[in-house]
Amino acid sequence: MGKCVSCCKREPCSSIKSNCSINQTRTVTFAGRSEVNPQDEKAGLLSRGDSLSNKLNSVENKNRVKPIVLTNGDTNGVRLLVKTVRGSQQLSDNTLNLLFEKYRDTKEDVILSDGIERLCKDLGYAPDDFAILVLAWNLDASQMCRFTKSEFIKGLEYMNADTIQTIRIRLEQMIENLKTDAEKFKQLYRFTFRFGLEPENRILSVDMAIILWRLVFTVCTPTILEQWLHFLEQNPGIRGIPKDTWNMFLNFAESFDINQYDDTEAWPSLFDDFVDYEKCKSISNFTKDHTGSVHCSWNNVL
């Protein structure tokens, strides 16, 4: 991902409150996405008539590794050399290591941009697909365009997947779950901020924040998202997006009402400026410069 990430353009939901099931169960916004049905993109993976669970069971049965048992003469102290992780499928260290080696860099013991692109191709996703963000989240990747061996293997153990096919099935399941599990989406959303940071930086550049906001809200878009991103694009003086602004945008997007907004509440000042900007637009209090760019006459907005 990283430089591989590009803006994902989707049609927004008409209302984040009414159309995103996440908002019916929690106080935060979005939880998944909806306009592109993940199942519609899975031709060639799941045949017609096959349920996801049946396909998964078939894959797991095919790839199950028989445990090697060492008793050392003590039948009460059986040791299994094959890991059992979150379910019935058993993952072998050897299989996970071989999968890592397939994509690792030739000089470093990590998976870098080229390897990630090959992994994405094998999975059937573009590097800037929402599913790859979900994969990075499950690997708990600390940096874009880089999966360490530890992150990759521990992440796949967490996902209970050791083949390309099972990884993809797990991602499908997780994306479906994110549509209704508000707490899980909140974890993904907060991870996205950390994932997008440049090393040693504590704030996101505005350009990267815009890309990641579009990506993380791929399936279900808050009503105000495009207005918010337009505001950021029209204000070159904004230096960056700090962590608290990123995190609080979830609540802000869900509760936003330009007529009810209270600037005395503990919102980041950037939200106050956004509301002023929108109010300015609503009363058509604009002037245009010689380039045709729109400027609001309120000095505190720009």
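The preceding data block contains the structure.
Before going into details, it helps to say that this report is about the structure given with it. (Residues numbered from 1 in each chain as written. Predicted model: local features only at pLDDT ≥ 70, side-chain atom pairs only at ≥ 80, totals over all residues. Heavy atoms only, no water.)

Points about the overall build of the protein
Line of reasoning, step 1. Scanning the protein from terminus to terminus reveals 12 helices and 8 strands.
Line of reasoning, step 2. When burial is assessed residue by residue, the protein has 47% of its 302 residues classed as buried.
Line of reasoning, step 3. A separation threshold of at least 6 residues defines the contact pool for the protein, and within that pool the share at least 24 residues apart is 65%.
Line of reasoning, step 4. When the accessible surface of the protein is totalled, it reaches about 15,600 Å², and 47% of it is carbon and sulfur. (Helix = DSSP H or I, 4+ residues; strand = E, 2+ residues; numbered from the N terminus. Buried < 20%, exposed > 50% of the residue type's maximum accessible area, 1.4 Å probe, protein only. Contact = heavy atoms within 4.5 Å. Areas by Shrake-Rupley, 256 points an atom, 1.4 Å probe, with all protein chains shown as cover.)

Structural notes on unusual backbone geometry
Line of reasoning, step 1. The backbone of Asp140 shows a phi angle near 55°, a positive value even though the residue is not glycine.
Line of reasoning, step 2. Relative to the helices and strands, Asp140 resides in the loop between helix H5 (130–139) and strand E6 (147–148).
Line of reasoning, step 3. On the accessibility criterion, Asp140 (45% relative accessible area) is partly exposed.
Line of reasoning, step 4. Backbone geometry places Asn160, a non-glycine residue, at a positive phi of 60°.
Line of reasoning, step 5. Exposure remark for Asn160: the relative accessible area of 3% places this residue in the buried category.

As for helix H7 (residues 164–178)
Count 3.6 residues to each turn of an α-helix, and residues three or four apart come out pointing the same way.
Line of reasoning, step 1. When the terminal C-alpha atoms of H7 are compared, their 21 Å separation across 15 residues agrees well with the 21 Å that a helix rising 1.5 Å per residue should span.
Line of reasoning, step 2. Of the positions making up H7, those classed as buried are Ile164, Thr166, Ile167, Arg168, Ile169, Arg170, Leu171, Glu172, Met174, Ile175 and Leu178. (Expected span 1.5 Å × (residues − 1).)

Here we look at helix H6 (residues 149–159)
Line of reasoning, step 1. For H6, the complete set of buried residues consists of Glu151, Phe152, Ile153, Gly155, Leu156, Glu157 and Met159.
Line of reasoning, step 2. Positive backbone phi, at 60°, marks Asn160, one or two positions downstream of H6.

A look at the environment of Cys145
Line of reasoning, step 1. Take Cys145: it is sitting in the loop between H5 and E6.
Line of reasoning, step 2. Separated by 32 residues in the primary sequence, Cys145 and Ser113 place their C-alpha atoms 4.9 Å from one another.

Observations concerning the packing of aromatic side chains
The way to describe two aromatic rings as a pair is by their centre distance and the angle between their planes.
Line of reasoning, step 1. Inspection of the entire model under this criterion finds 27 aromatic pairs.
Line of reasoning, step 2. Measuring from centroid to centroid gives 4.6 Å for Trp213 and Trp246, while their planes differ by 20°, and the two rings are stacked. In this pair, Trp213 sits in helix H9 (residues 206–216) while Trp246 sits in helix H11 (residues 243–255), placing the two residues 33 residues apart along the sequence. (Phe/Tyr/Trp six-rings, centres within 6.5 Å; stacked < 30°, edge-to-face > 60°.)

As for the environment of Phe152
Line of reasoning, step 1. Mapped onto the fold, Phe152 is located in helix H6.
Line of reasoning, step 2. Residue classification places Phe152 among the buried positions, given a relative accessible area of 1%.
Line of reasoning, step 3. Remark: the alpha-carbon pair of Phe152 and Leu96, spanning 56 residues in sequence, is separated by 8.6 Å.

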